[in-house]
Amino acid sequence: MANMANNLFQQARQAVNRITNGQNVNPQDKQAARNAIQSAYTDATPEEQQELQQLEQQLQQKNEL
């Protein structure tokens, strides 16, 4: 179970990295990243949850640009 949660966490991190480093980001990419973050929250450790919050903030900042 922990391995699956870690996998979701990694997917969320990668999705946000693609958006923050990408030039042409479409709304589906942003939604996929949000979904990955929300999925990862469920089984994340407190430390992972803190990093997931930071990833969410990065997404919000990117949307404002």
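Note that this is a predicted model, so its numbers are computed, not measured. (Residues numbered from 1 in each chain as written. Predicted model: local features only at pLDDT ≥ 70, side-chain atom pairs only at ≥ 80, totals over all residues. Heavy atoms only, no water.)

### Digging into the nonpolar core
So the rule is basically this: Here the nonpolar core consists of buried residues drawn from Ala, Val, Leu, Ile, Met, Phe, Trp, Tyr and Cys, with membership extended through side-chain atoms lying within 4.5 Å. Buried residues are those whose accessible area, probed at 1.4 Å on protein chains only, stays under 20% of the maximum for their type, while exposed residues exceed 50% and partly exposed ones sit between those limits. Runs of H or I in DSSP of at least four residues are treated as helices and runs of E of at least two as strands, each being numbered from the N terminus. Here, residues are in contact when the closest pair of their heavy atoms is within 4.5 Å.
Counting 14 residues, the largest nonpolar core has Ala12, Val16, Ala33, Ile37, Leu52, Leu55 and Leu59 as the members making the most contacts within it. For this core, the secondary-structure elements that each account for two or more residues are helix H1 (2-21), helix H2 (27-41) and helix H3 (46-64). Beyond its immediate sequence surroundings of up to four residues, valine 16 is in contact with Ala33, Ile37, Leu55, Gln58 and Leu59.

### Observations regarding the pattern of salt bridges
What counts, and what does not: Salt bridges are defined as contacts in which a side-chain nitrogen from Lys or Arg sits within 4 Å of a carboxyl oxygen from Asp or Glu.
Summed over all chains, the structure comprises one salt bridge. Here arginine 13 makes a salt bridge to glutamate 51, at a shortest N to O gap of 2.8 Å. Here the residue arginine 13 occupies a position in helix H1, and glutamate 51 occupies one in helix H3, the gap between them amounting to 38 residues. By relative accessible area, which is 25% here, arginine 13 ends up partly exposed.

### Re the confidence of the model for the protein
How we decide: Note on scores: pLDDT gives the predictor's confidence for each residue, bounded by 0 and 100.
Put simply, the protein has an average pLDDT of 85, and 89% of its residues get 70 or more. H1 is the least confidently modelled element of the protein, averaging 84 in pLDDT, while H2 averages 90, the highest of any element.

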